[in-house]
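# Coordinate inspection notes
Letter by letter, the chains look like this.
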Amino acid sequence: TGLLPSMSDKNQSEKSSPNTRNNVVEFAINKLSEQFPEEAKELRGVLYGFNQGSLVQDLPLDKSAEQMASDNNFELKAYKFTAAPEQTRNPRIVRIGLIQNSIVEKTNKPIEKQYLAIQNKIEKIINVAAKMGVNVICLQEAWTCPFFFCTREKQPWLEFAESATEGRSTKFLQRMAKTHNMVIVSPILERDENHGSTIWNTAVIIGHNGNIIGKTRKNHIPRVGDFNESTYYMESQLGHPVFQTKYGKIAVNICYGRHHVLNWMAYGLNGAEIVFNPSATVGSLSEPMWSIEARNASIANNYFVGSVNRVGTELFPSPFTSGDGKPAHKDLGEFYGSSYVSAPDASRTPVII
């Protein structure tokens, strides 16, 4: 059995946020259930699967956690996967959390101000996750900064890059992990100062004692549309590591790696029980695939997947192009959120928008 608190802030963008496809799907099912409740339930079963014969169950929220979330203007959801009891092994309950969030400050503000505003937001959300008893939590891809890789500009954006072991976000989350007895997956922009300040898209795995268990890097780099990430970093050379934590064996398949079936398989072959997919992806590119890729990976590889996507539309100071003939523009598009967890039995939670 397991518990998933998903957390999303409500102030999602610098521009008004249109309905996402996942919003439309939920709206349509809810309308259908008003007149045809049994048919709507069966439709949800097709879209979300059944866990032990039922839709994935909601879990009651801790009242103080719910109040803290409301006070800080973010949404809190919790769900439970169940499993058949066994005669010779006790059940193992692991509580995982996913955080999707928007940036706080406008992208023309000083780098320090932008980062600290995000850190302040994340600190409040992690404190709520601790109230919910979360054991392992995963933040979104490049959580410390706006997703500036569309701009192809090196400055000032690379000032967000930091050491995986000595960087300020790692030090901050080490304190949080130790305080809350929590494993934290922290996807950052890494500056490898031991190797010529090479830039990497990295996830740091921080243990429940505040120790650094290890790091992994993005295996597949998109070169499509405005995803100009190879301007900044290249593919990982670390393979497909799986990390032993107090709460289980976890791996991190960063963003674009979810499109590659053998990438998912490698984590399973290396013994992963939970694979996180921290992402930053927009509707026009990936939303039709988003709700099925991780679910397929769970089914095929017999592990749980926590899929995290940021929210909002981030506007940059200077217009940019991507060599695709489109006029210059200042944003990558809307990050549609829709984080969820999927299980090996083909069930999954609803998304959090």
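The structure presented is a predicted model; accordingly, all values stated were derived computationally and were not measured.

Turning to the pairing of strand β16 (residues 329–336), a few remarks are in order. Where burial is concerned, most of β16 is hidden: six out of the eight residues are buried. As judged from the five bridges shared by strand β15 (residues 311–320) and β16, these two strands associate in the antiparallel manner. By the bridge assignment for β16, F320 is matched with H329.

In terms of nonpolar packing, the biggest core is built from 54 residues, with W143, F148 and I184 touching the most fellow members. Counting residues per element, the ones that place at least two in this core are α3 (63–71), β3 (74–81), α4 (111–131), α5 (168–180), β6 (183–192), β7 (198–206), β15 and β16. Look past the residues within four positions of F148 in its chain and what remains in contact with it is W157, F160, L189, Y232 and F316.

Turning next to empty space enclosed by the protein. On inspection of all chains with the given rule, the structure shows one cavity of 30 Å³ or more. Taken as a whole, the largest cavity holds about 60 Å³ of empty space. In the lining of the largest cavity, the residues fall into six nonpolar, two polar and two charged.

Summary statistics for the protein chain give a mean pLDDT of 93 and a share of 95% for residues scoring 70 or more. The low-confidence segment residues 12–18 (pLDDT under 50) makes 19 contacts with residues lying over four places distant or belonging to another chain.

The subject of this paragraph is the packing of aromatic side chains. All told, the structure shown has 16 aromatic pairs when counted by the stated rule. Where F148 meets W157, the ring centres are 5.6 Å apart and the plane angle is 15°; that geometry is what we call stacked. We classify F148 as buried; its relative accessible area is 0%. W157 gets classed as buried once you look at its relative accessible area, which sits at 2%. A ring pair is formed by W290 and Y340, whose centres lie 6.2 Å apart and whose planes are at 80°; its orientation type is edge-to-face. Highlighted residues: W290 in helix α7 (residues 283–301) and Y340 in strand β17 (residues 340–342), separated in sequence by 50 residues.

Going through the model one piece at a time under the given rule, you end up with 15 salt bridges. Measuring nitrogen to oxygen at the nearest pair gives 3.8 Å for the salt bridge that ties K31 to E34. In this pair, K31 and E34 are both assigned in helix α1 (residues 21–35), three residues apart and thus about one turn of the helix distant. Of the residues examined, K31 reaches a relative accessible area of 43% and is grouped as partly exposed. Taking relative accessible area as the criterion, E34 reaches 59% and is therefore assigned exposed. For the salt bridge of E190 with R217, the shortest nitrogen-to-oxygen distance reads 3.1 Å. With E190 in strand β6 and R217 in strand β8 (residues 212–217), this pair connects stretches of sequence that are 27 residues apart. The exposure class assigned to E190 is buried, which follows from its relative accessible area of 2%. Judged by relative accessible area, which is 6%, R217 ranks as buried. A single network of salt bridges, built from pairs that share partners, joins E190, D192, K215 and R217.

So, about the packing of α1 against helix α2 (residues 37–48). As a packed pair, α1 and α2 sit with axes 6 Å apart at the nearest point and diverge in direction by 150°. Put simply, α1 runs roughly antiparallel to α2. Residues V25, E26, I29, N30, L32, S33 and Q35 of α1 form the contact with α2, whose own contacting residues are P37, E39, A40, L43, R44, L47 and Y48. Here the residues of the contact of α1 with α2 are counted per class, giving eight nonpolar, three polar and three charged.

Estimated volume of the second largest pocket: approximately 310 Å³. Lining the second largest pocket are 18 residues, with E26, R44, D58, Y79 and P350 positioned closest to its centre. Secondary-structure elements contributing two or more residues to the lining of the second largest pocket are α1, α2 and β3. The element best represented in the lining of the second largest pocket is β3, accounting for four residues. Residues of the lining of the second largest pocket, tallied by class, amount to ten nonpolar, two polar and six charged.

How each quantity is defined
- Residues numbered from 1 in each chain as written.
- Predicted model: local features only at pLDDT ≥ 70, side-chain atom pairs only at ≥ 80, totals over all residues.
- Heavy atoms only, no water.
- Buried < 20%, exposed > 50% of the residue type's maximum accessible area, 1.4 Å probe, protein only.
- Helix = DSSP H or I, 4+ residues; strand = E, 2+ residues; numbered from the N terminus.
- Pairing = 2+ DSSP bridges.
- Core = buried A, V, L, I, M, F, W, Y, C linked by side-chain atoms within 4.5 Å.
- Contact = heavy atoms within 4.5 Å.
- 1 Å grid on protein atoms, 1.4 Å probe; cavity = no way out; pocket = protein on both sides within 12 Å on 5 of 7 lines; lining within 4 Å.
- Points joined across faces, edges and corners; volume = space filled by probe spheres on them.
- Nonpolar A, V, L, I, M, F, W, Y, C, P; charged D, E, K, R; others polar.
- pLDDT = per-residue confidence, 0-100.
- Phe/Tyr/Trp six-rings, centres within 6.5 Å; stacked < 30°, edge-to-face > 60°.
- Salt bridge = Lys/Arg side-chain N within 4 Å of Asp/Glu carboxyl O.
- Axes fitted to C-alpha atoms, helices over the stretch in contact; angles between N-to-C directions.
- Parallel < 35°, antiparallel > 145°, perpendicular 65-115°, else oblique.

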